[in-house]
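A look at the structure
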Amino acid sequence: MDPAKLNLVDPVERNTIGIPSSGGVAIGFLANNPGVWFMDCLPEVHTSWGLKMVWVVLDGKNPNQKLPPPPADLPKC
């Protein structure tokens, strides 16, 4: 995949992507909601195969882009 050939001006907006065997895909998105977000491909068996992933989105600069602190009475693990 050649990054110089990616369409960053008006890319297709999709919520489902089909990837051929031995293929790949570039995913672009605005990560402005802090937290840990699970990404999956739906079939639960894929979890045991390691085909799941998470996105870790860190706090942003603006107040509405920051996670609040945990409550004082949150039980410890």
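Residues numbered from 1 in each chain as written. Predicted model: local features only at pLDDT ≥ 70, side-chain atom pairs only at ≥ 80, totals over all residues. Heavy atoms only, no water.

**Some thoughts on the layout of surface pockets**
In this structure, the largest pocket encloses a volume near 1,300 Å³. For the largest pocket, the lining is made up of 32 residues, of which Ile-17, Val-25, Ala-26, Ile-27 and Met-39 are closest to its centre. Broken down by secondary-structure element, the contributors of at least two residues to the lining of the largest pocket are β1 (35–39) and β2 (53–57). (1 Å grid on protein atoms, 1.4 Å probe; cavity = no way out; pocket = protein on both sides within 12 Å on 5 of 7 lines; lining within 4 Å. Points joined across faces, edges and corners; volume = space filled by probe spheres on them. Helix = DSSP H or I, 4+ residues; strand = E, 2+ residues; numbered from the N terminus.)

**Some remarks on the environment of Pro-20**
Position of Pro-20 relative to the elements: it lies in the segment before β1. A C-alpha to C-alpha distance of 30 Å links Pro-20 and Asn-32, two positions 12 residues apart in sequence.

**Describing a nonpolar patch on the surface**
Taken together, Ile-17, Ile-19, Val-25, Ile-27 and Phe-29 make up a surface patch of nonpolar side chains, about 430 Å² in accessible area. Residue placement: Ile-17 occurs in the segment before β1. (Patch = residues over 30% accessible without salt bridge, like charges linked within 9 Å, V, L, I, M, F, W, Y side chains within 5 Å. Areas by Shrake-Rupley, 256 points an atom, 1.4 Å probe, with all protein chains shown as cover. Salt bridge = Lys/Arg side-chain N within 4 Å of Asp/Glu carboxyl O.)

**Notes on the confidence of the model for the protein**
Summing up the model confidence of the protein, the mean pLDDT is 83 and the portion of residues at 70 or higher is 96%. The element-level mean pLDDT for the protein is lowest in helix α1 (residues 45–48), coming to 74, with β2 highest at 86. (pLDDT = per-residue confidence, 0-100.)

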